[in-house]
Amino acid sequence: MAEWNEFYRNEDEEEEQEEGEQTGGEYKSTGRDSLVFLVDASKEMFIKGEDGEPSNFDMTMQVVRTVYTSKIISSHRDLVALVFYGTEHSKNPRNSFKHVYVYHDLDEPGAKRVQEVDALRGEKGAQEAAKLMGSGETSLGDALWCCANLYSDIKLRLSHRRLMIFTCRDEPHQGDSVKDRQARTKSSDLKETGVVIDLMHLMKPGGFDVSLFFRDIVSPLEDESELGLQLKPCDKLEDLQKRVRAKEQKKRAMARLNLCLGEGLNVAVGMYATAVTARKPSAIKLYRETNEPVRSKTRTFHTQTGSLLLPSEIKKAQVYGNKQIVMERDEVDAIKKFDDPGLFLIGFKPMDKLKLQHHIRPAVFLYPEEGEVKGSACLFSALLKKCSEKNVFALCRCISRRNYPPRFVALVPQNEEVDEAKVQITPPGFNVIYLPFADDIRTLDTPPCPVASEEQVDKMKEIISKLRFKYRYDAFENPVIQQHYRNLEALALDMMVPEEMEDLIMPKVDQIDRRLGPLVQEFKDLVYPAGYSPDSKPAPKRKAADGGGTEKKPKVEVTEDELKAHVQKGTLAKLTVPVLKEACKQFGIPTTGSKKQELIDALIARLGS
């Protein structure tokens, strides 16, 4: 009979599952995401910038390579394609369209594709592109039609379809009204089939006027959180990568819930993870003969008859008071269910009541879902505005998923922030702070420590003021993960050595020493006694007089009467595993590979009869 607590998921396992869903690795979607890069291959794209800056074509290829490598790491099952238009030579399915060159079909990214994109980068890449594709007439309508055929040829279910146009020409057809009308018609057809068209316009002499042609080609905003069509073209690689990343990244809700503000007053909201711990992907087991991935299956058999047990034949049990409490699976499910998923408003508290120690797990972000309940965005905005004005947070009870235990959460308001170019930096919404229960608070017995003098405190304040700097979370990368993926990339792309990586979390000792000057030595003189060096190693421990090491602890044996007393009181669990194993050996009970609960059950079966 299985242990009840093996089935009854504890809080740590819930958080691990939630974190796995946030990363997207275990996200159950209805299909794959797809992305098509439609790149202008006209001669204007190959003109280098001032002061030796890369050409628009070279910047585009660097962005395409970045997206390819990120897809390989984060979501390798997504489909990506690379298509050039305005070329001299043509290459597409059935060669139906002139001046359209399909460099990569819509398929999963791989190491070979990254190498092929690398071949189009730099000075040699421009020469290779001119030789392979050339520059010719432009018909954006044919290019969009070709992309539509790429989508129609895919038999897989696609959950999201996106097409990005990279160009530095605001009038690709130079006033040809027939080609303009054809392109507008084809873009409308694509948008009707669910394809989102984005424009990544690049710098050109005289500026890029979106209103001349492309305003009618691109898709409208999907929601207010989308990075909208920017009127200013990209002239730097960093800006282009930022725009592509904002469009390409998935924006999937962890959960969609109703925020109940009172009887009959519900607001539809979505919970989003804005920051998730990045981890190395788990290793995949391969069959040694063919290198194909293997799948493992778990079967449950009867210990006496060896027959296969069905899920309906398995019950759950928990030992309580020396008695097994047996329950059916549906009874366990009923115990776990407290209420339907949702957020229930309890009240409001001043912001100073929320302490740092109340943050017991990563926060998530709350944003209205207008598509679920009409009027949610308006009511959500009013609630956010009033909470910000009054400097309060909303206290709610939260059940994020079915059969999840309820938690108290604090909804902390966050106002919108934009930069100089009116690009949103921080979205408006609520940060959901998970609050601890009384059982989660630990009382620590802190050992007595000497109290620092005012002079010592003042000296440390000087040191802290000298070492202050403006922290930016996006300025530091995890060196372990970065080195891991660089090694994998070098192996996959047949590189001689991995790309060099700078460890940004290593302290800059020389710079710190220059800033502090004599302050460190002055602080040491104030804190440590004369002649004491905190950097010196402690003296090695002296060995015993006979030259031997520490003596082994003698085995602790428990008599039969003591074991029977423990069985009657139900306190066998207080004994350690070595003690339980010694007790089992007294009665000839095998102990190889046995867990603690199995040892306890064996002793209860032997002594309880």
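Counting from 1, residues in each chain are numbered in the order their sequence is written. Local features in a predicted model are, by the rule used here, given only for residues with pLDDT of at least 70; side-chain atom pairs are given and counted only at 80 or more, and totals for whole chains, interfaces and linings are based on all residues. Only hydrogens and water are set aside; all other atoms, that is, all heavy atoms of the structure, feed into the side-chain values.

**Some details on the overall build of the protein**
Of the regular secondary structure elements, the protein holds 17 helices and 17 strands. When the accessible surface of the protein is split by element, carbon and sulfur atoms take 51% of a total near 39,700 Å². Every helix listed is a DSSP run of H or I at least four residues long, and every strand listed is a run of E at least two residues long, numbered separately from the N terminus. Where accessible areas are quoted, they stem from the Shrake-Rupley method and a 1.4 Å probe; at the residue level, only the protein chains shown are allowed to cover.

**Comments concerning the pairing of strand β2 (residues 32–40)**
Residue burial is assigned from relative accessible area. The probe radius is 1.4 Å, only protein chains are included, and a residue is buried under 20% of its type maximum, exposed over 50%, and partly exposed in between. The buried fraction of β2 amounts to nine of the nine residues, a majority that puts the element mostly inside the structure. Burial along β2 is two-sided: the residues R32, S34, V36, L38 and D40 and D33, L35, F37 and V39 are all buried. Should DSSP find at least two bridges between two strands, the strands are regarded as paired. For β2 and strand β3 (residues 79–85), the ladder comprises seven bridges, and the chain directions are parallel. Bridge pairing links F37 to L82 in β3. With respect to chirality, the unit in which β2 leads through helix α3 (residues 56–74) into the neighbouring parallel β3 is right-handed. Handedness rule for crossovers: strands pointing away from the viewer, path from the first strand over the helix to the second running clockwise, crossover right-handed.

**Brief notes about the sheet that holds strand β13 (residues 392–399)**
Strand order in the closed barrel formed by seven strands is β7-β8-β12-β17-β14-β13-β11, with mixed pairing between adjacent strands. Direction aside, the axes of adjacent strands within the sheet are offset by 40 degrees on average. Axis geometry follows a simple rule: fit a line to the C-alpha atoms, using only the stretch in contact for helices, then measure angles between N-to-C directions, giving values from 0 to 180 degrees.

**Describing a nonpolar patch on the surface**
Exposure above 30% relative accessible area and the absence of a salt bridge qualify a residue for a patch, where like charges join within 9 Å and nonpolar side chains (Val, Leu, Ile, Met, Phe, Trp, Tyr) within 5 Å. A carboxyl oxygen of Asp or Glu within 4 Å of a side-chain nitrogen of Lys or Arg is what we treat as a salt bridge. Together, F469, Y471, Y473, F476, L504 and I505 give the surface a local cluster of nonpolar side chains, amounting to about 700 Å² of exposed area. Structurally, F469 is set in the loop between α11 (454–466) and α12 (479–492). You can call F469 exposed: its relative accessible area is 56%.

**Considerations on the packing of helix α6 (residues 140–152) against helix α7 (residues 177–192)**
Working note: a packed helix pair is described by the angle between its axes plus the distance between those axes. With their axes 7 Å apart at the nearest point, α6 and α7 run at an angle of 20 degrees to one another. As the angle between them shows, α6 and α7 are arranged roughly parallel. You can see that α6 and α7 cross each other, and the crossing is left-handed. Only Q182, A183, K186, S187 and L190 of α7 make contact with α6, whose side of the interface consists of L140, G141, D142, L144, W145 and A148. For this scheme, ten residues count as nonpolar: Ala, Val, Leu, Ile, Met, Phe, Trp, Tyr, Cys and Pro. Four count as charged, namely Asp, Glu, Lys and Arg, and the remainder, Gly too, count as polar. Counted by class, the contact of α6 with α7 contains six nonpolar, three polar and two charged residues. Our angle categories are set so that under 35 degrees counts as roughly parallel, over 145 as roughly antiparallel, 65 to 115 as roughly perpendicular, and the remainder as oblique. Should the near helix be turned anticlockwise from the far one by less than a right angle, the crossing is termed left-handed; should it be turned clockwise, right-handed. The contact definition used throughout considers only heavy atoms, calling two residues in contact when any of these lie within 4.5 Å.

**A short note on the sheet that holds strand β5 (residues 158–167)**
Taken in spatial order, the five strands make up an open sheet running β4-β3-β2-β5-β6, and their pairing is mixed. At either end of the open sheet lies a strand with only one pairing partner, and these are β4 (100–107) and β6 (195–201). Recorded for the sheet is a direction-independent mean angle of 15 degrees between the axes of neighbouring strands. Here seven bridges tie β5 to β6, and the two strands are oriented parallel to one another. From the neighbouring strand, T167 faces β6, where its bridge partner is H201. The sheet strands contacting helix α4 (residues 111–118) are β3 and β4, and the helix crosses β4 at an angle near 155 degrees. Contacting β2, β3, β4, β5 and β6, α6 runs over the sheet at an angle of about 25 degrees to β4.

**Section: the nonpolar core**
Among buried residues, the Ala, Val, Leu, Ile, Met, Phe, Trp, Tyr and Cys ones that are joined through side-chain atoms within 4.5 Å form a nonpolar core. Of all hydrophobic cores here, the largest spans 32 residues; its most connected members are V36, L38, V83, L140, L163, I165 and F214. Going through the elements one at a time, β2, β3, β4, α6, β5, α7 and β6 are the ones with two or more residues in this core. Take this core: its biggest share by element is eight residues, from α6. If sequence neighbours within four positions are ignored, L140 has contacts with L38, Y85, H173, A183, F213 and F214. By size, the runner-up hydrophobic cluster in this structure holds 29 residues, among which are V64, V67, Y101 and M200.

**Comments concerning the confidence of the model for the protein**
Scored by pLDDT, the protein comes out at a mean of 82, with 86% of its residues at no less than 70. The predictor rates its confidence in each residue with pLDDT, a number between 0 and 100. The low-confidence segment residues 1–29 (pLDDT under 50) makes 62 contacts with residues lying over four places distant or belonging to another chain. Every residue in residues 224–229 scores below 50 in pLDDT, and together they form 16 contacts with partners more than four places removed in sequence or on other chains.

**Looking at the packing of helix α16 (residues 577–586) against helix α17 (residues 596–607)**
Running from amino to carboxyl end, α16 crosses α17 at an angle of 35 degrees, the nearest separation of the two axes being 10 Å. In this structure, α16 meets α17 at a crossing whose hand is left-handed. Residues V577, L580, K581, A583 and C584 of α16 lie in contact with α17, whose contacting residues are K596, L599, I600 and L603. Residue composition of the contact of α16 with α17, by class: seven nonpolar, no polar and two charged.

**Points about unusual backbone geometry**
Of note, the phi angle at N291 is positive, near 65 degrees, even though the residue is not glycine. Looking at where N291 falls in the secondary structure, it is placed in the loop between β8 (265–272) and β9 (316–319). Look at N291 and you get exposed, because its relative accessible area is 55%. In this model, N322 sits at a positive phi of 60 degrees, which is unusual for a non-glycine residue. When you line up the elements, N322 lands in the loop between β9 and β10 (324–327).

**Some thoughts on the pairing of β13**
Burial analysis of β13 places seven of its eight residues in the buried class, the great majority of the element. Where strand β11 (residues 342–350) and β13 come together, eight bridges link them in antiparallel fashion. In the strand pairing of β13, P350 is matched with V392. Direction of pairing for β13 relative to strand β14 (residues 407–414): antiparallel, over a ladder of five bridges.

**Some thoughts on the packing of aromatic side chains**
Planes of paired rings set the category: under 30 degrees apart is stacked, over 60 is edge-to-face and the rest tilted, where pairs are Phe, Tyr or Trp rings (Trp by its six-membered ring) whose centres lie within 6.5 Å. For the structure shown, the criterion picks out 11 aromatic pairs. Consider the rings of F213 and F214, whose centres lie 5.0 Å apart with planes at 80 degrees: the pair is edge-to-face. Per residue, the accessibility class of F213 equals that of F214, and both read buried. Ring centres of F365 and Y367 lie 6.4 Å apart, and the angle between their planes is 25 degrees; this geometry places the pair in the stacked category. For Y367, a relative accessible area of 15% puts it in the buried group. Aromatic ring contacts, followed pair by pair, group F46, F57, F84 and Y103 into a single cluster. Over a ring means this: the NZ of a Lys or the CZ of an Arg is within 6 Å of the ring centre and within 35 degrees of the ring normal. If you follow K186 out to its NZ or CZ, it ends over the ring of W145, 4.6 Å from the centre. Across from the ring centre of Y434, 4.0 Å away, lies the NZ or CZ of R361, which sits over that ring.

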